[in-house]
Amino acid sequence: MNPFDVEELRLETPGCESGVHFNHSGASLPSRSTLETIWNYLRREAADGPMEAANDASALLEDVRAGAASLIGAMPDEIAFMGSGTAAWGAAFAALPPLAAGDRILVGRQEWGGNLATIQTAAARAGARIDTIPTREDGAVDASALASMIDDRVRLVSLTWLPANGGLINDAAAVGRVTKAAGIPYFIDAGQALGHIPIDVASLGCDVLKAAGRKFLRGPRGTAILYVRQEFLQRLTPSYLDVVSGPIVDGVVTLRNDARRFEASENPPALLLGLGTAIRQARALGIDVIHGRIAALAGTLRANLRSIPKVTVRDLGTDLSGIVSFTIDGIPASEVRAALAERQIAIGANGVPYTPLDMTARGLDQIARASVSYLNTPSEVALLSEAVAEVAARA
Ligand SMILES: Cc1ncc(COP(=O)(O)O)c(C=O)c1O
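About the cut-offs
- Residues numbered from 1 in each chain as written.
- Predicted model: local features only at pLDDT ≥ 70, side-chain atom pairs only at ≥ 80, totals over all residues.
- Heavy atoms only, no water.
- Axes fitted to C-alpha atoms, helices over the stretch in contact; angles between N-to-C directions.
- Helix = DSSP H or I, 4+ residues; strand = E, 2+ residues; numbered from the N terminus.
- Parallel < 35°, antiparallel > 145°, perpendicular 65-115°, else oblique.
- Left-handed = near helix turned anticlockwise from the far one by under 90°.
- Contact = heavy atoms within 4.5 Å.
- Nonpolar A, V, L, I, M, F, W, Y, C, P; charged D, E, K, R; others polar.
- Patch = residues over 30% accessible without salt bridge, like charges linked within 9 Å, V, L, I, M, F, W, Y side chains within 5 Å.
- Areas by Shrake-Rupley, 256 points an atom, 1.4 Å probe, with all protein chains shown as cover.
- Salt bridge = Lys/Arg side-chain N within 4 Å of Asp/Glu carboxyl O.
- Buried < 20%, exposed > 50% of the residue type's maximum accessible area, 1.4 Å probe, protein only.
- Pairing = 2+ DSSP bridges.
- Domains from an automatic or database assignment.
- Buried area = accessible area lost by both parts, 1.4 Å probe.
- Phe/Tyr/Trp six-rings, centres within 6.5 Å; stacked < 30°, edge-to-face > 60°.

Topic: the packing of helix α11 (residues 287–306) against helix α14 (residues 378–394)
Contact geometry for α11 and α14: axes closest at 10 Å, N-to-C directions at 25°. Comparing their axes, α14 and α11 come out roughly parallel. By crossing handedness, the relation of α11 to α14 is classed as right-handed. Seen from α11, the contacting residues are Arg 293, Leu 297, Thr 300, Leu 301, Asn 304 and Leu 305; seen from α14, they are Pro 378, Val 381, Leu 384, Ser 385 and Val 388. Partitioned by chemical class, the residues of the contact of α11 with α14 number 7 nonpolar, 3 polar and 1 charged.

Structure below.
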């Protein structure tokens with residue numbers, strides 16, 4: 001269970017000193033070296049001037065880009081740095097050819113609410129339609145059902161790989177095989193996957209993939225990566241440009257020929273360098289090892305929660321992630337979160353807007369969400385389980 005020195009890693013994480021953190025799917029706890037990378041760079045900006053410091057940072061930022069690419073099996077020129085997952089997804093979506101009346105966009109039932117709101121707005125404007133891909137019996141997106149939905153009006157398939165509201169891991173590669181065979185653009189929201197499970201864009205078969213840095217990867221808030229497959233890039237025209245993504249040369253807009261077509265010239269080097277440290281640390285530990293430890297801890301937590309009266313584990317699927325969702329009869333999830341916070345245990349609580357299609361289909365209005373990192377320990381899992389049992393006993 002302990003392939004690396006978790007105690008040492010916890011000592012190197014200031015947030016581990018002050019409480020028990022089970023909200024890694026909201027935002028995880030950065031390491032001391034990630035924080036120091038950020039602080040050191042901010043000190044340099046203060047001393048040398050921000051623009052002047054940036055001259056020396058550009059080679060380092062290209063190392064971060066290369067690290068981010070390696071983490072997902074991409075090439076560095078297929079990676080753009082963005083400010084959030086939503087901004088990354090929205091930028092790629094807005095760059096697709098305009099929708100027309102009668103066009104269709106197919107989404108998984110667990111699609112992230114922000115993506116869905118963006119699609120819905122564009123579809124309503126164009127008279128296009130959103131269709132939800134049916135689920136298998138275990139609640140996962142059904143790739144074979146998707147195959148039978150494809151026709152020449154489908155413009156995009158969008159899948160949230162690991163949903164925000166539970167432990168499901170959708171079979172994103174199976175969906176990719178269908179979209180590839182049909183030649184349809186395929187976007188993956190990997191917001192909850194980065195730094196959590198292995199990612200290889202080639203075997204996923206996606207054209208676009210995005211994820212924020214702050215979740216399981218333990219990078220800083222305000223960072224995200226956008227992957228755009230090199231050949232697919234040519235089909236995308238960003239909805240806005242700036243002097244780096246599309247400089248005007250001799251009066252002509254010259255779109256960059258790499259994913260930086262989507263990147264703002266004004267990016268925060270301190271945060272991106274911090275992201276680079278988090279990526280280096282995750283790669284040094286090994287994503288397979290990280291995933292194995294998360295899976296073991298989450299498995300124990302689920303088993304514990306299942307044994308508590310009035311508690312229902314709400315995770316769908318067969319292949320499960322480190323996001324453990326549950327409800328307690330008679331207590332809203334927001335109150336469960338507050339009761340645990342009083343005991344210095346941080347968890348999340350989601351309502352319908354995060355995953356509107358799935359929550360509505362299941363008749364759920366809230367779920368409590370305990371998300372597990374490799375930083376957590378078996379004793380923290382026991383502590384959380386006991387605290388949930390106490391809260392449930394009060395109901
Ligand atoms: C699956 C998924 N997609 C997207 C997001 C939103 O990402 P961001 O807050 O970086 O825009 C989240 C946030 O929790 C998420 O869980």
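Read on, since the account is not over.
Observations concerning a nonpolar patch on the surface
Together, Leu 241, Ile 248 and Val 253 make up an exposed nonpolar region whose accessible area comes to about 270 Å². Assessed through its relative accessible area of 46%, Val 253 is described here as partly exposed.

Comments concerning the sheet that holds strand β15 (residues 366–371)
Strands pair in a sheet through their backbones, by hydrogen bonds, and they do so in one of two ways: parallel or antiparallel. Pairing within the open sheet is antiparallel, and its 4 strands lie in the order β11-β12-β15-β14. Single-partner strands in this sheet number two, and they are β11 (311–313) and β14 (348–351). Direction aside, the axes of adjacent strands within the sheet are offset by 35° on average. Examined bridge by bridge, strand β12 (residues 323–328) and β15 share 4 bridges and lie antiparallel to one another. Bridging across to β15, Ile 323 finds its partner in Ser 371. Seen against the sheet, α11 touches β11, β12 and β15 and runs at an angle of roughly 10° to β12.

Description of the pattern of salt bridges
According to the stated counting rule, one finds 23 salt bridges in the structure shown. Between Arg 229 and Asp 207 there is a salt bridge; the shortest N-O distance is 2.9 Å. Here Arg 229 is found in the loop between β8 (224–228) and α9 (230–233), whereas its partner Asp 207 is found in the loop between α8 (201–204) and β7 (208–212), with 22 residues between them in sequence. For Asp 207, a relative accessible area of 7% gives the class buried. The network of salt bridges with shared partners includes Glu 62, Arg 65, Arg 260 and Glu 263.

A closer look at the environment of Arg 125
Within the secondary structure, Arg 125 sits in helix α5 (residues 113–126). Note: C-alpha distance between Arg 125 and Leu 99 (26 residues apart in sequence) is 8.7 Å.

Considering the domain arrangement of the protein
Along its sequence, the protein is carved into domain 1 (6–22 + 286–394) and domain 2 (34–284). Relative to domain 2, the C-alpha centre of domain 1 lies at a distance of 26 Å. Tallying the contact residues gives 35 residues for domain 1 and 32 residues for domain 2. When the area that domain 1 buries against domain 2 is broken down by residue, the three leading residues are Ile 287, Ile 323 and Leu 357, summing to 22%. Between domain 1 and domain 2 we count 1 salt bridge in total. When the shortest N-O distance is used, the salt bridge between Arg 109 and Asp 358 registers 2.8 Å.

What to know about the packing of aromatic side chains
Tallied over the full model, the rule gives 3 aromatic pairs. Ring geometry for Trp 89 against Phe 93: centres 5.1 Å apart, planes inclined by 15°, an arrangement best described as stacked. Here Trp 89 pairs with Phe 93, and both are found in helix α4 (residues 85–94), just 4 residues apart, close to one helical turn. By relative accessible area, which is 0% here, Trp 89 ends up buried. Taking the centre distance of 5.8 Å and the plane angle of 80° together, the rings of Trp 89 and Phe 187 count as edge-to-face. Of the two residues, Trp 89 sits in helix α4 while Phe 187 sits in strand β6 (residues 186–189), which places them 98 residues apart along the sequence.

Details of the pairing of β7
Counting buried residues in β7 gives 5 out of 5 residues, a clear majority hidden from the surface. Because side chains alternate across β7, one face comprises the buried residues Val 208, Lys 210 and Ala 212, and the other comprises Leu 209 and Ala 211, equally buried. Examined bridge by bridge, β6 and β7 share 3 bridges and lie parallel to one another. Looking at β7, one finds that Phe 187 is bridged to Val 208. By the bridge criterion, 5 bridges tie β7 to β8 in an arrangement that is antiparallel. Counted as the bridge partner of Leu 209 is Tyr 227 from β8.

Description of the packing of helix α3 (residues 50–72) against helix α10 (residues 269–285)
The geometry of α3 relative to α10 is characterised by a closest axis approach of 9 Å and an angle of 40° between their N-to-C directions. Relative to α10, α3 is oriented oblique. Crossing angle aside, the handedness with which α3 passes α10 is left-handed. For the pair α3 and α10, the contacting residues are Leu 60, Leu 61, Val 64, Gly 67, Ala 68, Ser 70 and Leu 71 in the first and Pro 269, Leu 272, Leu 273, Leu 275, Gly 276, Ile 279 and Arg 283 in the second. For the contact of α3 with α10, the residue count by class is 10 nonpolar, 3 polar and 1 charged.

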